[in-house]
Amino acid sequence: MNQAVLILIKPDGLKKSLTGNILARLSETKLEIVAAKMVRVSKELAEEHYQHLKDKPFFGEIVKYLQGELHDRKKVMALVYWGEDAIKKCRDLAGATNPEEAESTSIRGSYGRITTGGVYENVIHVSSQESEAEREIKLWFHPDEVIVDLYLAKKVAHKEYKTYDWA
Ligand code: IDP
Ligand code: MG
């Protein structure tokens with residue numbers, strides 16, 4: 001069954017110059033990239049992304065982590081991969097949440113670490129189930145940034161609304 005999955009290369013992955021390595025590992029899945037962009041992450045976006053963890057003691061730290069406050073790299077790379085069993089394929093490649101427990105050949109096992117402050121710095125985010133993928137892709141991307149029609153979208157007219165174009 002074809003599925004979509006949100007992948008984020010987190011600020012530690014970018015700071016460690018791992019973008020190419022991570023994309024090369026993900027290409028082993030033979031999945032298709034259907035959206036990609038660099039994003040400056042606001043506190044609101046990070047809090048919304050991790051809303052299911054808001055009662056955890058580490059919530060404040062992972063919000064700062066996703067915003068790049070811990071790595072002096074205030075950006076993440078967001079991608080949508082699409083294809084057969086995309087979620088399981090990408091989760092398997094990513095490895096366990098705790099990088100010390102992740103298989104050593106997985107992305108997190110190869111490149112992750114636990115900080116002295118106790119945050120699991122595990123270089124990528126991968127949606128863990130279809131409903132989560134849908135929620136996250138809709139949070140990170142507009143419909144016209146994704147090159148396939150993943151979810152129902154509607155046309156909205158903006159009257160008093162201006163966008164930038166190249167001068
Ligand atoms: P996942 O990223 O493998 O789906 P989640 O439970 O969704 O794991 O947690 C989101 C992120 O929060 C993790 O990727 C990791 O960076 C951080 N995290 C999760 N659990 C812990 C913990 O017990 N201690 C410290 N950081 C954690
Ligand atoms: Mg998760």
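Everything that follows concerns the structure shown earlier in this document.
Residues numbered from 1 in each chain as written. Chains lettered and ligands numbered in written order. Predicted model: local features only at pLDDT ≥ 70, side-chain atom pairs only at ≥ 80, totals over all residues. Heavy atoms only, no water.

**Student:** Can you break down a positive patch on the surface residue by residue, with the values?
**Tutor:** On the surface, K15, R40, R73, K74 and K75 cluster together to form a positively charged patch. Position of K74 relative to the elements: it lies in the loop between α4 (59–67) and β3 (76–84). By relative accessible area, K74 is classed as partly exposed at 40%. (Patch = residues over 30% accessible without salt bridge, like charges linked within 9 Å, V, L, I, M, F, W, Y side chains within 5 Å. Areas by Shrake-Rupley, 256 points an atom, 1.4 Å probe, with all protein chains shown as cover. Salt bridge = Lys/Arg side-chain N within 4 Å of Asp/Glu carboxyl O. Lys, Arg positive; Asp, Glu negative; His and termini not counted. Charge placed at Lys NZ, Arg CZ, Asp CG, Glu CD. Helix = DSSP H or I, 4+ residues; strand = E, 2+ residues; numbered from the N terminus. Buried < 20%, exposed > 50% of the residue type's maximum accessible area, 1.4 Å probe, protein only.)

**Student:** Please provide a residue-by-residue account of the pairing of strand β1 (residues 2–9), values included.
**Tutor:** Most of β1 is tucked away: 7 of the 8 residues are buried. Where β1 meets β3, 8 bridges bridge the pair, whose relative direction is antiparallel. Bridge pairing in β3 links A4 to W82. Sheet topology note: the β1/strand β6 (residues 124–126) ladder contains 3 bridges and is antiparallel. Among the inter-strand pairings, I7 is bridged to a residue of β6, identified as V126. (Pairing = 2+ DSSP bridges.)

**Student:** Residue-level account of the environment of E103, with values.
**Tutor:** By the element assignment, E103 lies in the loop between α5 (86–94) and α6 (107–111). Looking at E103, the relative accessible area reads 60%, which means it is exposed. Note: C-alpha distance between E103 and H125 (22 residues apart in sequence) is 16 Å.

**Student:** Can you lay out helix α7 (residues 130–140) for me, pointing to particular residues and giving the numbers?
**Tutor:** Taken together, the buried positions of α7 are occupied by E132, A133, E136, I137 and W140. Angular distribution of buried residues about the axis of α7 spans 125°; they occupy a single face of the element. (Arc of directions from axis to C-beta.)

**Student:** Pulling in residues and values, what's your account of the side chain of H125?
**Tutor:** Mapped onto the elements, H125 comes out in strand β6. We classify H125 as buried; its relative accessible area is 8%. For H125, the side chain forms a polar contact with the side chain of H49, separated by 3.5 Å. (Polar contact = N/O pair within 3.5 Å; in protein donor to acceptor, adjacent residues only side chain to side chain.)

**Student:** Describe α5, naming the residues involved and giving the relevant values.
**Tutor:** Considered for burial, the residues of α5 that qualify are A86, I87, C90, L93 and A94. One face of α5 carries all of its buried residues, which in axial projection span an arc of 140°. Buried residues along α5 sit in contact with β1, α2 (19–27), β3, α6, β6 and α7. Looking at the residues trailing α5, positive phi occurs at G95, about 90°. (Contact = heavy atoms within 4.5 Å.)

**Student:** Go over the site of ligand 1, please, and point to the residues and values.
**Tutor:** Close to ligand 1 lie 13 residues, the nearest being R91, T97, R108, Y120 and N122. N122 is positioned such that a nitrogen or oxygen atom in its side chain is 2.8 Å from an oxygen atom of ligand 1. Protein contact buries 83% of the 530 Å² of open area that ligand 1 shows by itself. (Near = heavy atom within 4 Å.)

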